[in-house]
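Geometric and topological summary
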Protein chains: 2
Amino acid sequence: MTEPTETTTHADPAPADAAVLVRDAVDADRAAALVGSCTVDYDGRASGHVDPGVRHVVRQPDGTLLVHGATGHRPLAWHAGDGDFTTTATADDRLVLRAESNTEELTVALDAVHALTVYDPDDADKDVQGTEADVVSRLLNDPDLVESGFTPLATERDTPAGPVDIYGRDANGRICVVEVKRSRVGPDAATQLDRYVRALREDLHTDSDIRGILVAPSVTQKCRDILLERGHDFSPFEA
Amino acid sequence: MTEPTETTTHADPAPADAAVLVRDAVDADRAAALVGSCTVDYDGRASGHVDPGVRHVVRQPDGTLLVHGATGHRPLAWHAGDGDFTTTATADDRLVLRAESNTEELTVALDAVHALTVYDPDDADKDVQGTEADVVSRLLNDPDLVESGFTPLATERDTPAGPVDIYGRDANGRICVVEVKRSRVGPDAATQLDRYVRALREDLHTDSDIRGILVAPSVTQKCRDILLERGHDFSPFEA
DNA sequence: CGTGCCAGGTGCCGT
DNA sequence: ACGGCACTTGGCACG
């Protein structure tokens, strides 16, 4: 159990003071959230720039640096929690936060810090339900949902093309490859299923006696076309 | 030009006070960032729960509600900026933030607010370079990078299977379908290319005289296998 | 508005 | 580390 630590907030700190506060937060494995006017520059796998404006900047104890704008739930820019992190109060009175790893770098240059909050976030276990794995479980509990008379034999069965969601037999004893999707799908799901079926046909030397079944709430027309063209089936499944 | 507004920070506000402050921020199209101990519950396309802990909660003027934990740059939970948003100070002295739309709902129940910052984020134009479109531009400027003697004829050419990145002819005058990827790719890219080639062959009634070329920094082995099996080529391209 | 596809995709789990 | 794939994928551009 770690010592509980106070959350502290600072209004309009001078850049030099903010630099020290952020640095102290980093050294203490704490988080620092800043609101301020800044520019953002990213360089790495791609490169990007954000023009000056008021943003929300967060440095987390895992080393993550991220910048939120006014819209959307995804950061405008970010840096993963590896590599170095430096805070600099520049001669022209700006606060520069810089996260730098082997391949990526992110620089946030604030010309004013309106608010700074230092806090101790807790690590979170989030559990999610309604995933594809949950759908597979339901299908295994009630295989008729896949198709009347369907018998599952294995999950994640390996093929040269990758693991098959559900491997089994239909009412007539034919081998079936079942690909499960939790939401409406497009062409990619049909080709994925097709790859598994082809790979298994080759692997088992049974040239065409293997069926492909795509289980999903719904499919787009192009997906349906591909399934038809390759001779596979679609079995609608509603969550 | 809007009136510049002060960023305000509040340390340890009582839930009832925080509720009013957040509500006022929402009404004024401002943003509110809270640090506090809370649980998080999401229900919609899937459902999820996060156990109690100190998190960073942000409500943006576009209506987005998001929750950051201690790690990673992606929120633990979020809600898009549509639908309703309510703030409630409960009888047992908690602050409940609830975003609700037709299909999704997110509830953040704080038992303590350690810090609350109200601010005015600016909308951001971020420009990114190094996208796939940039790679395509380079290839068009110097088609030999695709292949010696290659001549581009069109970009985003439509086929029944979708738009082709670059459509052109090789040194021998054969039609080529070029699929461009900005990073190392797996099987999906190979099947995507294959779909375009097949569709174009059928469309142009030239049964097999159409080549497929995948341009990417590198490919995985399975991707290479599929390309080989379907008779397509890989042309490495380094950013 | 649905369909298709890119994304600095990210994250998870397997070899 | 590399590979294959799901993800509340999100976001854009086009029919």
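Because the structure is predicted, anything quoted here is derived from the model rather than measured. (Residues numbered from 1 in each chain as written. Chains lettered and ligands numbered in written order. Predicted model: local features only at pLDDT ≥ 70, side-chain atom pairs only at ≥ 80, totals over all residues. Heavy atoms only, no water.)

**Notes on the environment of T5(A)**
Residue and element names in this part refer to chain A. Inclusion rule: Here a helix means four or more residues in a row that DSSP labels H or I, a strand means two or more in a row labelled E, and each is numbered from the N terminus. To sort residues, take the accessible area from a 1.4 Å probe on protein chains only and compare it with the maximum for the residue type: under 20% means buried, over 50% means exposed, and anything in between is partly exposed. Should any heavy atoms of two residues lie within 4.5 Å, those residues are considered in contact.
Within the secondary structure, T5 is located in the segment before β1 (8–11). Residue T5 is classed as partly exposed on the basis of its relative accessible area, which comes to 46%. Along the primary structure T5 and D225 are separated by 220 residues, whereas in three dimensions their C-alpha atoms are 60 Å apart. Non-local contacts of T5, meaning those with residues more than four positions away in its chain, are made with R30 and D120.

**Re the interface of chain A and chain B**
Spelled out, the test is: Two parts placed together each lose some accessible area; with a 1.4 Å probe, that loss summed over both constitutes the buried area. One speaks of a salt bridge when a side-chain nitrogen belonging to Lys or Arg is within 4 Å of a carboxyl oxygen belonging to Asp or Glu. In protein, a polar contact means a hydrogen-donor-capable atom and an acceptor-capable atom, both N or O and within 3.5 Å, with residues adjacent in sequence counting only if both atoms are side-chain atoms; elsewhere, any N or O pair within 3.5 Å suffices. Only Asp, Glu, Lys and Arg are considered charged, only Ala, Val, Leu, Ile, Met, Phe, Trp, Tyr, Cys and Pro nonpolar, and every remaining residue, Gly among them, polar. Should DSSP find at least two bridges between two strands, the strands are taken to pair.
At the interface, 60 residues of chain A touch 59 residues of chain B. Looking only at chain A, the three residues that lose the most surface to chain B are A70(A), H73(A) and R195(A), adding up to 12% of its buried area. Summed over the shared surface of chain A and chain B, the result is two salt bridges. Among the salt bridges present, the one from E229(A) reaches R198(B), with a minimum N-O distance of 2.9 Å. The interface formed by chain A and chain B includes 24 residue pairs in polar contact (both at pLDDT 80 or more). If you list the elements that add at least two residues to the side of chain A that touches chain B, you get β1, β2 (31–43), β3 (47–59), β4 (65–68), β8 (105–119), β9 (126–129), α3 (187–204) and α4 (221–230) of chain A. A total of ten residues in the side of chain A that touches chain B trace back to one element, the largest contributor, which is β3(A). Residue composition of the side of chain A that touches chain B, by class: 22 nonpolar, 20 polar and 18 charged. Pairing of β9(A) with strand β3 (residues 47–59) of chain B involves four bridges; the strand directions are antiparallel. Of the residues in β3(B), the one forming a bridge with V128(A) is G48(B).

**Notes on the sheet that holds strand β13 (residues 210–216) of chain B**
Residues and elements named next belong to chain B. Applied cut-off: Only the stretch in contact is used when fitting a helix axis, every axis being a line fitted to C-alpha atoms; angles between N-to-C directions are given from 0 to 180 degrees.
Here we have five strands laid out as an open sheet, ordered β10-β11-β12-β13-β14, and mixed in their pairing. Where the open sheet ends on each side, the last strands, each with one partner, are β10 (151–159) and β14 (233–236). Neighbour to neighbour, the strand axes of the sheet diverge by 30° on average, direction disregarded. Sheet topology places strand β11 (residues 162–169) next to strand β12 (residues 175–180); four bridges connect them, and they run antiparallel. When the bridges of β12 are listed, I166 appears paired with V178.

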